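Residue strings, one per chain:
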Amino acid sequence: MNNKPLVSIVVPAYNVDQYIDKCIQSVLAQTYDNWELLLMVGGQDKTMEICDKYAKEDSRIKSIHDNKGLVQARNSGYNHATGEWITYVDGDDWVDTDMCEKLVEAMKAHPNVDVVFWHYIEELGDKTIDKWNSNDGCQSDLKLYDEEGCKELARRTLIYKYGLSDGTCKLVNMEYARKYGIFHDERLKQGSEGVEFSLRAFYHAKAALYINRCFYHYRYVPTSISHKVDEGNTKFLADCYKVIWEDIQGFENKEAFQSAFYERTVYMLIAIAMNTYFSPRNSNSIFKKVRHYSKVINNSQLFKDSIKLVSMENMDIYRKIVLVLLRLHCYMFLDPIARAKQLMLKLGYYNY
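Counting restarts for each chain: residues are numbered from 1 in the order of the written sequence. Reporting of local features is limited, given that this is a predicted model, to residues whose pLDDT is at least 70; pairs of side-chain atoms are given and counted only at 80 or more, and all residues count toward the totals for whole chains, interfaces and linings. Based on all heavy atoms of the structure, the side-chain values leave hydrogens and waters out of the count.

Regarding the pairing of strand 4 (residues 85-88)
Of the two faces of strand 4, the one carrying Trp 85 and Thr 87 and the one carrying Ile 86 and Tyr 88 are both buried. DSSP-based pairing: two strands are paired if at least 2 bridges between them are found. Think of it this way: any DSSP run of H or I at least four residues long counts as a helix, any run of E at least two long counts as a strand, and we number them from the N terminus. One ladder, built from four bridges, connects strand 1 (residues 7-14) with strand 4; its direction is parallel. Looking at the pairing, Ser 8 lines up with Ile 86 of strand 4. One ladder, built from two bridges, connects strand 4 with strand 10 (residues 170-173); its direction is antiparallel. Across the sheet, residue Trp 85 finds its bridge partner in strand 10, namely Asn 173. Burial classification: accessible surface area is computed with a 1.4 Å probe over protein chains only, and a residue below 20% of its type maximum counts as buried, one above 50% as exposed, and the rest as partly exposed.

Below you can see the structure in the form of structure tokens.
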């Protein structure tokens, strides 16, 4: 391995002029200096102007005016990357200043790994939440996974509680990525594109390394795409789960992946019920909410099968109740649950 491998950091930056400074500054402040920052820029605000300014001041930064959506922007960054390793950061988030240094140290200690991964901290205004702390039971600083372990990591990508499904918080070896096509699927736009990417990233790996640190700070922005009440986003999610299902059909021991897939799908259906279709911010009548949500399920055999076949074993009581209502087609009762959940969120009793 190169003594100082080049790390490519790809940042899709679309209408994030309020946040992009902090993101870029966190990269500029890295204690490791051999990196390139690929800013994939788009939008109508001052994001482009800010990124262009940084690119003129530091030759390691490139402001590339090519952002037609999250997946396309990440892949464009992948195609422009010249580093030996690649990682993705969203434009409204930021990273710790020693991230690259610690990642490179870990890679040197374990030179044959294909993927290095870690977890993130959620930043909610003045609240900081380490949501995924030691979910794998890892009490040491590092944990190495062999080929069989990587297959299990791929399966766990589909299980919500492990927090492995984001396109961020992963450093991928570019030689490995090019060999197995470990970039984002262009058929997908948004929704669960990170799940599909992470699934393949772990599945084909011969070795992966977990670093028990939260280098990444995820900023919770209520107005971001993922938090808007937009029923049109459901199609993007449906596309993602269709592709994930197709991936699984080519896997060894696909039955183990299928059970995890059912769980992940049901978690997603519960999330869009609470946050979109029956959200208090959705102005539709209760009858229209029920009609629209039932159509989502009825139009997808994968969704219907997931509700029918999923195990409740790993579910908390809240999700078990909602699942029972889904199985009984009692969608009307999802509305008061969504309102109660929103109230608990405001009071700080429920971690969304």
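Picking up after the structure, the text goes on.
Quick word on the sheet that holds strand 3 (residues 61-64)
The strand order across the open sheet built from eight strands is 3-2-1-4-10-6-11-9, with neighbouring strands paired in mixed fashion. Here the strands that pair on one side only, and so sit at the sheet edges, are strand 3 and strand 9 (142-145). For this sheet, the mean inter-axis angle between neighbouring strands, taken without regard to orientation, is 20 degrees. Alignment of strand 6 (residues 115-117) against strand 11 (residues 208-211), held across three bridges, turns out to be parallel. Counted as the bridge partner of Phe 117 is Tyr 210 from strand 11. Contacts were defined at the residue level, with two residues in contact if any of their heavy atoms lie within 4.5 Å. To get an axis, fit a line to the C-alpha atoms, keeping to the stretch in contact for a helix; angles then go from 0 to 180 degrees between the N-to-C directions. The strands that helix 1 (residues 20-28) touches are strand 1, strand 2 (35-42) and strand 3; relative to strand 2, the one it contacts most, it runs at about 165 degrees. Strands strand 1, strand 4, strand 6, strand 9, strand 10 and strand 11 of the sheet are contacted by helix 4 (residues 99-109), whose axis makes an angle of about 140 degrees with strand 11.

As for unusual backbone geometry
In this model, Asn 15 sits at a positive phi of 50 degrees, which is unusual for a non-glycine residue. Here the phi dihedral of Asn 253 falls at roughly 50 degrees; this positive angle occurs in a residue that is not glycine. Classification of Asn 253 by relative accessible area gives exposed; the value is 53%.

Section: the pattern of salt bridges
Salt bridge, as used here: a side-chain nitrogen of Lys or Arg that lies within 4 Å of a carboxyl oxygen of Asp or Glu. Counted according to the given criterion, the structure contains 20 salt bridges. Residue Lys 68 is joined to Asp 66 by a salt bridge in which the shortest nitrogen-to-oxygen separation is 3.0 Å. Relative accessible area serves as the criterion here: at 66%, Lys 68 is assigned to the exposed category. A relative accessible area of 18% places Asp 66 in the buried class. Residue Asp 335 pairs with Lys 289 through a salt bridge whose shortest N-O separation is 3.3 Å. Taken together, the residues Asp 335 in helix 13 (residues 334-347) and Lys 289 in helix 10 (residues 286-298) connect sequence positions 46 residues apart. Taken together, the shared-partner salt bridges in this structure form one network comprising Arg 74, Asp 90 and Glu 193.

Details of the packing of helix 8 (residues 233-249) against helix 9 (residues 254-277)
Axis separation between helix 8 and helix 9 bottoms out at 10 Å; the angle between their running directions is 175 degrees. Taken together, the axis directions place helix 8 and helix 9 in an arrangement best described as roughly antiparallel. Taking contact as the criterion, the partners of Thr 234, Leu 237, Tyr 241, Ile 244, Trp 245, Ile 248 and Gln 249 in helix 8 are, on helix 9, Lys 254, Phe 257, Gln 258, Phe 261, Tyr 262, Arg 264, Thr 265, Met 268, Ile 272 and Tyr 277. The classification used treats Ala, Val, Leu, Ile, Met, Phe, Trp, Tyr, Cys and Pro as nonpolar, Asp, Glu, Lys and Arg as charged, and all other residues, Gly among them, as polar. Classifying every residue of the contact of helix 8 with helix 9 gives 11 nonpolar, four polar and two charged. In what follows, roughly perpendicular refers to angles from 65 to 115 degrees, roughly parallel to angles under 35, roughly antiparallel to angles over 145, and oblique to any angle outside these ranges.

Here's the deal with the sheet that holds strand 8 (residues 127-129)
The sheet built from four strands is open, its strands ordered 5-12-7-8 with mixed pairing. Each of the sheet's edge strands pairs with one partner strand only, and the pair in question is strand 5 (94-95) and strand 8. As paired strands, strand 5 and strand 12 (residues 216-219) are joined by two bridges and run antiparallel to one another. Among the inter-strand pairings, Val 95 is bridged to a residue of strand 12, identified as Tyr 216.

Comments concerning helix 1
For helix 1, the complete set of buried residues consists of Ile 20, Cys 23, Ile 24, Ser 26 and Val 27. Burial along helix 1 is one-sided: seen end-on, the buried residues are contained in an arc of 155 degrees. Residues of helix 1 that are buried in the fold lie against strand 1, strand 2, helix 2 (47-57), strand 3 and strand 5. Along the arc lie the directions from the helix axis toward the C-beta atoms.

Things to note about the packing of helix 9 against helix 10
Packing of helix 9 against helix 10 brings their axes to within 11 Å, and their N-to-C directions diverge by 155 degrees. It follows from the interaxial angle that helix 9 and helix 10 lie roughly antiparallel. Note on packing geometry: the crossing formed by helix 9 with helix 10 is right-handed. Of helix 10, the residues touching helix 9 (which contributes Leu 269, Ile 270, Ile 272, Ala 273 and Tyr 277) are Lys 289, His 292, Tyr 293 and Val 296. Should the near helix be turned anticlockwise from the far one by less than a right angle, the crossing is termed left-handed; should it be turned clockwise, right-handed.

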